[in-house]
Amino acid sequence: MTSSNGSDRTGRDGFAPDGLTKEQQLHQYQVRPEDEFLTTNQGVRVPHTDDSLKAGERGPTLMEDFHFREKITHFDHERIPERVVHARGSGAHGYFQVYEPMTEYTSASFLQNPDKKTPVFVRFSTVLGSRGSADTVRDVRGFATKFYTDEGVFDLVGNNMPVFFIQDAIKFPDIIHAGKPEPHNEIPQAATAHDTFWDFISLLPESMHVIMWALSDRAIPRSFRMMEGFGVHTFRFVNAQGKSRFVKFHWKPLLGVHSLVWDEAQQLAGKEPDYHRRDLWEAIQQGDYPEWEFGVQILEQEDEFKFPFDLLDATKIWPEELVPVRRIGKMTLNRNPENFFAETEQVAFHVGHLVPGIDVTDDPLLQGRLFSYLDTQLLRLGGPNFAEIPINRSVVPVRNNQRDGFHRTQIDHGRTAYYPNTLGLGCPALAPAADGAYVHYPEPVEGVKLRRRAEKFKDYFSQARLFYNSLSEPEQRHLIDAARFELGRVESPVVRQRMVALFDLVDRELATRIAERIGVQPPTGDGVEIRDAAGEVLRRVRIDPQPGVWVDASPALSQMNTPKGSIKSRRVALLLAPGFDAAQFQATRAALQAGGAHPDVISIGLGVVRGADGTPVPVDKSSQVAASAIYDAVCVPGGARHVAALAELDEVQRFLTEAFKHGKPIGVVGEAAELLPPGVEGPGVVIGDSDVDAFTTEFVAAIGEHRFPQREGARGGIGGRRRG
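Just so we're clear, the structure is a prediction, and the values are computed from it rather than from any experiment.

### Brief notes about the overall build of the protein
The number of helices and strands found in the protein is 17 helices and 18 strands. A compact globule built from 724 residues should have a C-alpha radius of gyration of about 27 Å, and the protein, at 29 Å, falls within 12% of that. Referenced to the eigenvectors of the C-alpha coordinate spread, the extents of the protein come out at roughly 90 × 80 × 60 Å. Taken over 724 residues, the protein has a buried fraction of 53%. Once local pairs closer than 6 in sequence are excluded, the contacts in the protein between residues at least 24 apart make up 73%. Carbon and sulfur atoms provide 53% of the accessible area of the protein, an area that totals close to 33,300 Å². Counting 81 positive and 98 negative side-chain charges, the protein places the centres of these two groups 2 Å from one another.

### Comments concerning the environment of L574
On the secondary structure map, L574 appears in strand β11 (residues 571-575). Not counting residues within four places of it along the chain, the set of residues in contact with L574 comprises F585, T588, R589, L592, P599, D600, V601, I602 and C635.

### Some points on the pattern of salt bridges
This model, assessed by the stated rule, comprises 43 salt bridges. One salt bridge in this structure joins E264 and K664, with 2.7 Å as the shortest N-O distance. Highlighted residues: E264 in helix α6 (residues 262-271) and K664 in the loop between α16 (650-661) and β17 (666-669), separated in sequence by 400 residues. Take E264 and K664: they sit in the same class, and that class is buried. Three or more residues are tied together by salt bridges with common partners; here these are R222, R225, D279, R570 and D632.

### Observations concerning unusual backbone geometry
Of the consecutive residues I187 and P188, the connecting peptide bond is found in the cis state with omega at 0°. Inspection of the secondary structure puts P188 in the loop between α3 (172-179) and α4 (195-202). In this chain, Y419 is followed by P420 through a cis amide linkage whose omega measures 5°. Relative to the helices and strands, P420 is located in the loop between α9 (364-380) and α10 (462-470).

### Thoughts on the pairing of strand β7 (residues 244-253)
Most of β7 sits out of view: ten of its ten residues are buried. On β7, burial covers both faces: S244, F246, K248, H250 and K252 on one face and R245, V247, F249, W251 and P253 on the other are all buried. Strand direction decides the pairing type here: strand β5 (residues 229-230) and β7, joined by two bridges, are antiparallel. Bridging from a neighbouring strand, F230 pairs with H250 of β7. Judged from the four bridges that link them, strand β6 (residues 235-238) and β7 form a sheet pairing that is antiparallel.

### Focus: α10
Across the nine residues that make up α10, a large majority, eight, are buried. Turning to α10, its buried residues number three or more, namely S462, Q463, A464, R465, L466, F467, Y468 and S470. Among the structural elements, α5 (208-215), α11 (473-488), α12 (493-506) and α13 (508-515) are those in contact with the buried residues of α10.

### Focus on the packing of aromatic side chains
What describes a pair of aromatic rings is the distance from one ring centre to the other and the angle between the planes of the rings. Taken as a whole and assessed by the stated rule, the structure comprises 32 aromatic pairs. Centre to centre, the rings of F147 and F154 are 5.4 Å apart; their planes meet at 25°, and the pair counts as stacked. The same class applies to F147 and to F154, which are both buried. When the ring centre of W262 is taken as origin, the NZ or CZ atom of R138, which lies over that ring, is 4.9 Å away. A cation over a ring is seen here: K146 above F349, with NZ or CZ 5.1 Å from the ring centre.

### Regarding the nonpolar core
Judged by nonpolar contacts, the single largest core of 70 residues is most densely connected at F165, W198, I201, M212, F503 and L510. Those elements giving two or more residues to this core turn out to be α3, α4, α5, α10, α11, α12 and α13. Not counting residues up to four positions away in its chain, the partners in contact with F165 are V140, I175, F197, I201, L204, E206, S207, V210, I211 and T315.

### Section: the pairing of strand β3 (residues 141-149)
Across the nine residues that make up β3, a large majority, nine, are buried. Where burial is concerned, the two faces of β3 agree: the one with R141, F143, T145, F147 and T149 and the one with G142, A144, K146 and Y148 are both buried. One ladder, built from seven bridges, connects strand β2 (residues 118-126) with β3; its direction is antiparallel. Looking across to β3, one finds that F121 is bridged to K146. Two strands pair when backbone bridges link them, and β3 and strand β4 (residues 152-159) are joined in this way by eight bridges, in the antiparallel orientation. Bridge assignment links A144 to a residue of β4, and that residue is V157.

Procedures and definitions
Residues numbered from 1 in each chain as written. Predicted model: local features only at pLDDT ≥ 70, side-chain atom pairs only at ≥ 80, totals over all residues. Heavy atoms only, no water. Helix = DSSP H or I, 4+ residues; strand = E, 2+ residues; numbered from the N terminus. Rg over C-alpha atoms; globule rule 2.2 N^0.38 Å. Buried < 20%, exposed > 50% of the residue type's maximum accessible area, 1.4 Å probe, protein only. Contact = heavy atoms within 4.5 Å. Areas by Shrake-Rupley, 256 points an atom, 1.4 Å probe, with all protein chains shown as cover. Lys, Arg positive; Asp, Glu negative; His and termini not counted. Charge placed at Lys NZ, Arg CZ, Asp CG, Glu CD. Salt bridge = Lys/Arg side-chain N within 4 Å of Asp/Glu carboxyl O. Pairing = 2+ DSSP bridges. Phe/Tyr/Trp six-rings, centres within 6.5 Å; stacked < 30°, edge-to-face > 60°. Lys NZ or Arg CZ within 6 Å of the ring centre and 35° of its normal. Core = buried A, V, L, I, M, F, W, Y, C linked by side-chain atoms within 4.5 Å.

Take it as geometry only, folks, not as evidence of what the structure does.
Set out below in structure tokens:
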């Protein structure tokens, strides 16, 4: 179809109306104050904005001061309701490119042409905390992607964990109410270590799989850039011939999957509560563009009942060893938002924003989200016209008969706002499937109305056990410590005992080790009989491994198997004082920068610090501001006078001790070895001599390993004690 001037307005080529890309589309709405006068909201220039209009210098303020009233009124109404969940978030712009046409599986246009760059906006978030909470709390992370495709907007609204707490959306208010701060005192903020959460979980065995994930290192990612994303639900791919296949969506970070350790996460919550937000912003600003490969697991319709788990159960994964992840494209984030509120805060995601070739399934959690995500925007963004907010606008024309409502910005022409019509020449007209119309997959549906779940949904523990079995020994240890911490803050011994009984149905040793530190009885014999909400006795289910059907462990679930070796975008602290060995410093800094890392010079104060030969080096942070928790590694070059000065600083000893405690690489050269506290030795502690090249090679390799969990049992290691 064409516009009145005859130009093509279909926009089905990946561009916005009038040929604009998404970035150009947003640019139309950006306001820059440079070289402009201050005005009121009505465009009237303002000569004075420091004093209100008064009757005399000391007299009352006059009601006629329209500038004052407008300014204060707008300020009083600046806040909008924060999201009920995922309130704390960070976002970025980028693009997606498919590797090869996916025509065999889906008709979705953005998955066909490898030369096409589809604009995206991604929002990462925590789930429970308020907008002002810390980034590094233990929580599920949201990973929502808005694709501005040439067929309309497609939203993939997922998390950094592939499973969820509940199987049916009707329980969503309950799980969130239980996890949020307790209503009588609004404590704790952004934390699940309290009674109401664990009381609910102890009565909801379907949550045990995701609980294992939430207690694991996955719940405290090192960076948004270093965490996986999952669509969680089972969707459908539908090709042009109408053939349907089941699909699960994955994001695989090219930097690998890496996490913080718990003590480090707690420190960052106090010292750098914006740690993840700042990390994402600075990475993009510095050109370290975050990248993820887009993966799909695809199952044929006839394999729907092949496995011991139900494909429609959002608390279950498809083990990658059974259904491999095929990487079909890559997403790159390369631009920070211009304005946090206008873009990151006002972006509205909805699992029902679909494009031809992608459809939903009967997953009962997904079905509920199809209602809830649309409904929540009506309150948060002030009505049904939230799609007209620039960040939410499609890059293809929107033509329909919806009218009016708060904040309507589109000016519709003509007399008709209904279909069918003749006065408007039948426009906007219905599109046939051949012209890109969305056609729902014609899935046969029949059944009796009832409130009941399918039988396979009732296996609550097999996949929780699969996840635990798949973890390395240090990862299992971290999970146990996390459970001890969380349940150790639960006041009710009854709740703690019930949770141990549930953990026992996952793994006896796991339950025993948790019980040892939380003041309840460890399981014995056949364990404690507990029942689900329907009154059925919960039992430990054992599934025998079968080729192509079930496995006891999935190596893909362990972060120990993540890609390593790269130091790109890693932050390294270089501790300097006057008199440092300039040659050692320069060689180390050059090696780090060559690998893509970002070294920061830390010294006693800001300004310039000079080497033994007088070489001046600008200081990035003072030792009073910097902390080991902010960095991935620490290095101290040699130089007698410089080492003597650092030895006098408590911050330096604390810096090195904490870096060791958190399993981070430590590099010292020459005299700097004297600064190492007692017990700081072993894997990842690199001590150099006069051969600086050999030192930098070994130190860079150590940073590429990320952490050294084998140090955890050593004096000063993670947790500072041997594990029981």
